Amino acid sequence: MSNPINIHFSRAFFQMLLFICLLFFFKNGVAQMSGEEIKVLKQQANKDNAPNYTLYQAGLAYKQEGKIKKSLDILEKAQRHLPSFVLLGDIYQEERKLPDSIGFSYYVKATEAIYPLRTKEDSAAKIAANLKAGHAYYQGKGIQADTTLAIKHYFVAYDMASEESKPFLDTIKNIIQYIPELSLLPSSEEYLANRGYVEYLEISGNRMITPSNSKKEIQQGISYLEQLSEKGNTKAMLRLGLLYKKGIDGKLLADQRKAILYLLKAYNHGDEVATMTLDNLDIRTFIDQDHIDYLRYMADRYQDPKSFFRLYEKYKEGKDVTQDYKKALNYCKDAAYFEYVPAIIALATIYEEGYPALPKKLTLDERYQRALELYTKAAHLNDHYAKFKVGYFYENGLSVPTNLGEAIKWYLVAATEGVDPAKVRLYALQDKIPQFIDKGDFTYVQFLASQPNVDSDVYLTLGKYYMNKKSAVCEEWLLKAANKENEEAVMILADLYTTNTIGIPQDPLRAKTFYHRALNLNVHQADLELAALYCYFSPAFTDGPNPYMMALEHLNRYKNKNLQNHENNLRLLMLSGDIYLKLNDPIPAIQAFSDYIKLFSIDQDDEPFKLFEALYKRGEALFLAQKYDAIHYEADIALSRLEEFKGTSIFKPTEYNYIKGQWFYLQAKVDFAQNKNGCTKIIQAKTMGVDVDSRYLNVCE
């Protein structure tokens, strides 16, 4: 019983059959012969030992004349002649009165012939015999139907470089199920590879990719492996990666980008060789870091949270991959596990708003509870928006009892960090804020500072806060307060520009400007500070009036404005003495330093160095007043008191020596003033670190 064949197959077969018959007919010239020539041909064929070629042509002529029996008799005399075997098979298959099986046997006889194919006609006949035997097996015509054997004969024809068998092979569906029983030649394997069958893509691809093959063959092999890779074959991915990594003798150029892409695919399919190879490659230089395979590699190999999160976005949006909400959710969870804040926020939003891949059994309250946990976690990781969301959950009682105080605290933090929705909520709740937040709360002050029409004390509070933190940021807030005529801020800024602390550069001229601004605000203390500024920073004011006269003017103004007992103000006394000393006016200087020394108490002051500073300055004033005898007396008193501190923790050895050296220097100056030799004391003073005037050094050295 024969297999049914479709219309396409039948039409293709008979078109091919007609082509082959015409090939034999015209090539042998029977159609062009005259009647007389055919008559001579028949006579020659009836002779003994007639050539196969003559027998074949005569048999064909008899067949055309309808003399089938005579044609068979003539053709059966042919020996080892493939075209005659094929023609005999055709006659038996075509004539209804003759058995198909005999025709099939002639086809098989032709296919099994092992003698050499000496002519083109022999080769064409061999191909035709395999095609017709294959068709007989496929249809069950003259033989038991057998698709496997049909395919075998078609492939024999295909391997003989005959494209005529391809239409027949193409019509056989699921052809691969018959292949295991066959032994195929490379060309047949390539046919199956071109049909896309995995095992033959691999076989043909690997066979063709060898240095000895041509560039075209290698490219075809690459094409097979690329198809195989697209079907998810890990071996093909790895082979392609390694091939593109090194190239093949100029026939396949090395391509690091392609190599890495295929190796990434292989890695993502679990290949260990790809893992080791990628570890030694500069992946980022050649690969788009948003490529799906790169992201999978980074997520799996290095547990990179950014890659996990990007995979979440891709699977959620269906970008470069098939949309998959479940995979997206899992990737988001992975990224959140590594405390990647954008992933935590995204996951919190998923639980808050709902998501297709969430378990349906989760209640709304359970979702809100999970969302709040995640927002809180992100808030503690310093995400500004998350802080607002925590406040929102507390304000609205989502999974927690309503807590307006807690909500306001979170809103304040978020608002100071620039989250506009938090500012909107605080504006709506502004009347209730004082119920929950202390006026001096730093976060509250920060929020107030971000509002319009801010009181200067808010800026001042922030300035003092950052100043205590020794942060130069304090300048920004103090300037804002000063611009609102805040007296304290003006004075603090002037002091900062004077003292060169907390990273704000020393700037006496700017300090002077702010002290004068303070005077305009009736801050009397500014006069005292200006006096000190002119006195101790005189080089900065060389372009104007004598800075020491200006210092004295501001000192006197301060005294006139402040009626308290000036004699009890140690700083005022020291400053007065310094100003008079700079003005070369020793008498009031001596008085000021003397008053300072009387008031000074070591028990009340932990800086005895200042006492010895005042003693020495009084000595300088006495020298200026030419009271030389008094200087020797002062020196004895000072050095005697200094000995009390020798070896204590109050003075370092260098400080002790310096103070002692100062008095040696002063005594030496007195000796020189009295025309005595003071060089011994000059050398001692210099040895103890005192800066000695070069006039004395020139004399003594």
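Residues numbered from 1 in each chain as written. Predicted model: local features only at pLDDT ≥ 70, side-chain atom pairs only at ≥ 80, totals over all residues. Heavy atoms only, no water.

Trainee: I'd like a rundown of the overall build of the protein chain, residues and numbers included.
Mentor: On a plain count of helices and strands, the protein chain comes out with 39 helices and zero strands. Relative to the 2.2 N^0.38 estimate, which gives 27 Å for 701 residues, the radius of gyration of the protein chain is 55 Å and therefore markedly larger than a compact globule would have. Evaluated residue by residue, the protein chain yields a buried proportion of 48% over its 701 residues. Taking all contacts inside the protein chain whose residues are at least 6 apart in sequence as the whole, residues at least 24 apart take part in 51%. When the accessible surface of the protein chain is summed, it comes to about 36500 Å², and 50% of that surface belongs to carbon and sulfur atoms. Taken together, the 85 basic and 89 acidic charged side chains of the protein chain have centroids lying 9 Å from each other. (Helix = DSSP H or I, 4+ residues; strand = E, 2+ residues; numbered from the N terminus. Rg over C-alpha atoms; globule rule 2.2 N^0.38 Å. Buried < 20%, exposed > 50% of the residue type's maximum accessible area, 1.4 Å probe, protein only. Contact = heavy atoms within 4.5 Å. Areas by Shrake-Rupley, 256 points an atom, 1.4 Å probe, with all protein chains shown as cover. Lys, Arg positive; Asp, Glu negative; His and termini not counted. Charge placed at Lys NZ, Arg CZ, Asp CG, Glu CD.)

Trainee: Could you give an account of the state of the cysteines, naming the residues involved and the relevant values?
Mentor: Under the defined criterion, the tally for this structure stands at one disulfide. Sulfur-sulfur distance for the disulfide between Cys 679 and Cys 700 comes to 2.2 Å. An S-S torsion of about -85° defines the bridge between Cys 679 and Cys 700 as left-handed. Taken together, the residues span a long stretch of sequence, with Cys 679 in helix α38 (residues 679-687) and Cys 700 in helix α39 (residues 694-700) at a distance of 21 residues. Of the two residues, Cys 679 and Cys 700, neither departs from the other in class, the shared state being buried. (Disulfide = S-S within 2.5 Å.)

Trainee: Let's hear about the packing of aromatic side chains: which residues, and what values?
Mentor: All chains considered together, the criterion is met by 32 aromatic pairs. Ring geometry for Tyr 244 against Tyr 262: centres 6.1 Å apart, planes inclined by 5°, an arrangement best described as stacked. Note that Tyr 244 is positioned in helix α13 (residues 234-246) and Tyr 262 in helix α14 (residues 256-268), a separation of 18 residues in sequence. On the basis of relative accessibility, which here comes to 4%, the residue Tyr 244 falls in the buried class. Among the aromatic residues, those joined into a ring-pair cluster are Phe 308, Tyr 315, Tyr 331, Tyr 337 and Phe 338. Sitting above the plane of the Tyr 665 ring, Lys 669 keeps its charged end 5.0 Å from the centroid. (Phe/Tyr/Trp six-rings, centres within 6.5 Å; stacked < 30°, edge-to-face > 60°. Lys NZ or Arg CZ within 6 Å of the ring centre and 35° of its normal.)

Trainee: Could you give me a rundown of unusual backbone geometry, with the residues and numbers involved?
Mentor: Phi at Glu 485 is positive, roughly 60°, even though this residue is not glycine. Summarising the element assignment, Glu 485 is placed in the loop between α28 (474-482) and α29 (487-499). Even without a glycine there, the phi angle at Asn 522 is positive, about 65°. Relative to the assigned elements, Asn 522 resides in the loop between α30 (508-520) and α31 (525-536). For Asn 522, a relative accessible area of 61% gives the class exposed.

Trainee: Describe the side chain of Glu 352, with residues and values.
Mentor: The topology assignment puts Glu 352 in helix α20 (residues 341-353). Apart from residues lying up to four places away in sequence, Glu 352 is in contact with Arg 367, Tyr 368, Ala 371, Tyr 375, Lys 389 and Phe 393.

Trainee: Mind laying out the packing of helix α19 (residues 325-337) against α20, listing which residues take part and the relevant values?
Mentor: In contact at an axis separation of 8 Å, α19 and α20 are set at 130° when each is read in the N-to-C sense. Between α19 and α20, the angle is such that the two are oblique. Where α19 crosses over α20, the handedness of that crossing is left-handed. Within the contact between the two elements, α19 uses Leu 329, Cys 332, Lys 333, Ala 335 and Ala 336 and α20 uses Ala 343, Ile 344, Ala 346, Leu 347, Ile 350 and Tyr 351. Grouping the constituent residues of the contact of α19 with α20 by class yields ten nonpolar, no polar and one charged. (Axes fitted to C-alpha atoms, helices over the stretch in contact; angles between N-to-C directions. Parallel < 35°, antiparallel > 145°, perpendicular 65-115°, else oblique. Left-handed = near helix turned anticlockwise from the far one by under 90°. Nonpolar A, V, L, I, M, F, W, Y, C, P; charged D, E, K, R; others polar.)

Trainee: An account of the side chain of Lys 389 is needed here, citing residue identities and associated values.
Mentor: Locating Lys 389 in the fold gives a position in helix α22 (residues 384-396). With near-sequence residues (within four places) excluded, Lys 389 lies in contact with Glu 352 and Tyr 375.

Trainee: Any chance you could break down the pattern of salt bridges for me, citing the residues and the numbers?
Mentor: When charged atoms on two side chains of opposite charge get close, those side chains can pair. Tallied over the entire structure, the rule returns 27 salt bridges. In this structure, Lys 69 and Asp 73 form a salt bridge, with 3.5 Å as the shortest nitrogen-oxygen distance. One end of the pair is Lys 69 and the other is Asp 73, both in helix α4 (residues 68-75) and four residues apart, which spans about a single turn. Arg 618 serves as the salt-bridge partner of Glu 634, at 2.7 Å between the closest nitrogen and oxygen. Note that Glu 634 is positioned in helix α36 (residues 628-643) and Arg 618 in helix α35 (residues 609-624), a separation of 16 residues in sequence. Via salt bridges that share partners, Asp 290, Arg 310, Glu 313, Lys 314 and Asp 320 belong to a single interconnected network. (Salt bridge = Lys/Arg side-chain N within 4 Å of Asp/Glu carboxyl O.)

Trainee: Report on helix α6 (residues 100-112), specifying residues and quantitative values.
Mentor: Taking 1.5 Å per residue as the helical rise, α6 with its 13 residues ought to reach 18 Å, and the 18 Å between its terminal C-alpha atoms agrees with that figure. Every buried residue belonging to α6 is among Gly 103, Phe 104, Tyr 106, Tyr 107, Val 108, Ala 110 and Thr 111, and all of these are buried. Where the residues of α6 are buried, they touch α5 (82-94), α7 (120-139) and α8 (147-159). (Expected span 1.5 Å × (residues − 1).)

Trainee: Describe the packing of α13 against α14, listing the residues and the values that go with them.
Mentor: Packing of α13 against α14 leaves a shortest axis separation of 7 Å and a crossing angle of 155°. In this view, α13 runs roughly antiparallel relative to α14, as classed from their interaxial angle. α13 and α14 meet at a crossing whose hand is left-handed. On α14, the residues that touch Thr 234, Met 237, Leu 238, Leu 240, Gly 241, Leu 242, Tyr 244 and Lys 245 of α13 are Gln 256, Lys 258, Ala 259, Tyr 262, Leu 263, Lys 265 and Ala 266. When grouped by side-chain class, the residues that make up the contact of α13 with α14 number nine nonpolar, three polar and three charged.

Trainee: Can you explain the environment of Thr 443? Please cite residues and give values.
Mentor: Topologically, Thr 443 is positioned in helix α26 (residues 442-449). When the C-alpha atoms of Thr 443 and Leu 412 are compared, they prove to be 6.2 Å apart, with 31 residues separating the residues in sequence. With residues near it in sequence (within four places) discarded, Thr 443 still touches Leu 412, Val 413 and Thr 416.

Trainee: Summarise α30; cite the residues concerned and give the values.
Mentor: Helix length check: α30 (13 residues) gives 18 Å between terminal C-alpha atoms against 18 Å at 1.5 Å per residue, within 8%. Where α30 is buried, its residues meet α28, α29, α31 and α32 (547-561). Positive backbone phi, at 65°, marks Asn 522, one or two positions downstream of α30.

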